Amino acid sequence: MSEETGGPAILVLEDGRVFRGRSFGATGETFGEIVFNTGMTGYQETLTDPSYHRQIVTMTAPHIGNTGVNDDDPESGRIWVAGYVVREPARITSNWRARRTLDEELRRQGVVGIALTGTRALTRHLRDRGAMRAAVSTVETDPEKLLARVLEAPRMAGADLAAEVSTDAAYEVLPPEGVPTRFHVAAVDLGIKAMTPQRLAERGCRVTVLPSAATAEDILALDPDGVFFSNGPGDPATADGPVDAMRGVLDAGKPLFGICFGNQILGRSLGLGTYKLPFGHRGVNQPVIDTRTRKVAITSQNHGFAVDAPLDTPFDTPYGRAEVSHIGLNDQVVEGLRLLDRPVFSVQFHPEAAAGPHDAAELFDEFVTLMSDAQPAPAAK
């Protein structure tokens, strides 16, 4: 264990399972849905991903914190995870970009964590029983008392969280110096990661990021060349506002691209259902297959809900025929949707993938191509 690891701490799960360890990060207690992430790298991006809002994240990699914390890699302005579970915190920080240790950053932002040797047993338990409510505490020593409070905590199913993590006001991300501006993209922030508008900007897009409450009228008033719906936390079944906004964009015929929560919003907009996965997909090693090309990509994912759609045949929607574009190879979950008669597609995974992998980065190029194809041809001289 790290020399910085503190006093006793306990982790109590909704089903009564108790794990004991040492405090890591801030002292106190925290509640949320406990999940696990299988990535061996990218812990700073995970911590700052708004999609993890109200979740206690267990890292399956045994050593966390080796590269410390820098000021370049965060995906947002703060840590969003509700709590953090690791096996063995790094004894030292070793990276030239590091500005603080991970323990210092967790304490600075008030994030309660626990270091325990049983992360493998915890992960196996969650795979068997599913993600569930939990608490980490350094102040309550009685598991029964803590369990009673866990059972009073809200569930993730039915949670409407996008507005809690979205920007309060619109802002712009411009192409880097030397890259000409070719397109204007309106991006609806349902919990957007910083790398996503950056990937679009690298391809010559001026990106206007809008709050989650943006309506179709707000979006279309910008007259964008394309519209993007981001990742985010919570249950897509509650996201009626974004669904209405997306349907307005679909009616207008604008090129549209969605990622993660945006994929689920597209599913609902097409009349499909969504459901909660037993333990979700979280990590940077998730294989998916493109149903057209049969190409397999290793992808970064972070989601606990999925779209219910036919895997092996096109289907009718109010906006024309559609198909499942990608399928998860681990469990046959829908990993992407594509309209066959309109310039619209979405994926459940993260092609922007800060910390990698970058197998699916060309999806941003596909979106750019859709916007280019949608532009009117120049008038003949």
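Residues numbered from 1 in each chain as written. Predicted model: local features only at pLDDT ≥ 70, side-chain atom pairs only at ≥ 80, totals over all residues. Heavy atoms only, no water.

Under an unreviewed UniProt entry, the name given to the protein chain is Carbamoyl phosphate synthase small chain, and the source organism is Nocardiopsis tropica. UniProt lists a comment for the protein chain under the heading Sequence similarities (unreviewed entry), and it reads "Belongs to the CarA family." Quoted straight from UniProt, the Subunit (unreviewed entry) entry for the protein chain says "Composed of two chains; the small (or glutamine) chain promotes the hydrolysis of glutamine to ammonia, which is used by the large (or ammonia) chain to synthesize carbamoyl phosphate. Tetramer of heterodimers (alpha,beta)4." (UniProt positions renumbered as here; feature names shortened; annotations may be inferred.)

(A) Highlighting the sheet that holds strand β4 (residues 55-59). Strand order in the closed barrel made by the seven strands is β1-β2-β8-β6-β4-β3-β9, with mixed pairing throughout. Strand-to-strand twist across the sheet, computed as the mean angle between neighbouring axes with direction ignored, equals 35°. Summarising the sheet, strand β3 (residues 29-37) and strand β9 (residues 132-137) pair through six bridges and their orientation is antiparallel. Bridging from a neighbouring strand, Phe31 pairs with Ala135 of β9. (Pairing = 2+ DSSP bridges. Helix = DSSP H or I, 4+ residues; strand = E, 2+ residues; numbered from the N terminus. Axes fitted to C-alpha atoms, helices over the stretch in contact; angles between N-to-C directions.)

(B) Just the pattern of salt bridges, in detail. Throughout the structure, instances matching the rule amount to 22 salt bridges. Salt-bridge contacts for Arg149 lead to Glu29; the nearest nitrogen and oxygen are separated by 2.5 Å. Here the residue Arg149 occupies a position in helix α4 (residues 143-150), and Glu29 occupies one in strand β3, the gap between them amounting to 120 residues. Overall, the relative accessible area of 35% leaves Arg149 in the partly exposed class. Here Arg87 and Glu88 are joined by a salt bridge, their closest N and O atoms 3.6 Å apart. The class for Arg87 is partly exposed, based on a relative accessible area of 33%. Here the salt bridges share partners, and the residues they tie into one network are Asp71, Arg100, Glu105 and Arg108. (Salt bridge = Lys/Arg side-chain N within 4 Å of Asp/Glu carboxyl O. Buried < 20%, exposed > 50% of the residue type's maximum accessible area, 1.4 Å probe, protein only.)

(C) The arrangement of the UniProt feature "binding site: L-glutamine" (unreviewed entry) in the protein chain in detail. As recorded in UniProt, the feature "binding site: L-glutamine" (unreviewed entry) lies at Ser51, Gly232, Gly234, Phe261, Gln264, Asn302, Gly304 and Phe305. Their sequence span is 255 residues, while the largest C-alpha to C-alpha distance among them is just 13.4 Å; these annotated residues converge on one region. Annotated residues from the preceding list that form part of the lining of the largest cavity: these are Asn302. Looking at Phe261, the relative accessible area reads 3%, which means it is buried. Ignoring sequence-local partners within four residues, the contact set of Phe261 consists of Leu190, Ser230, Asn231, Gly232, Pro233, Gly234, Asp235, Pro236, Ala239 and Gln348. Counting through the fold element by element, Gln264 comes out in helix α9 (residues 261-269). Exposure remark for Gln264: the relative accessible area of 3% places this residue in the buried category. Those residues in contact with Gln264, other than ones at most four positions away along the chain, are Pro236, Thr274, His303, Phe305, Ala306, Val307 and Gln348. (1 Å grid on protein atoms, 1.4 Å probe; cavity = no way out; pocket = protein on both sides within 12 Å on 5 of 7 lines; lining within 4 Å. Contact = heavy atoms within 4.5 Å.)

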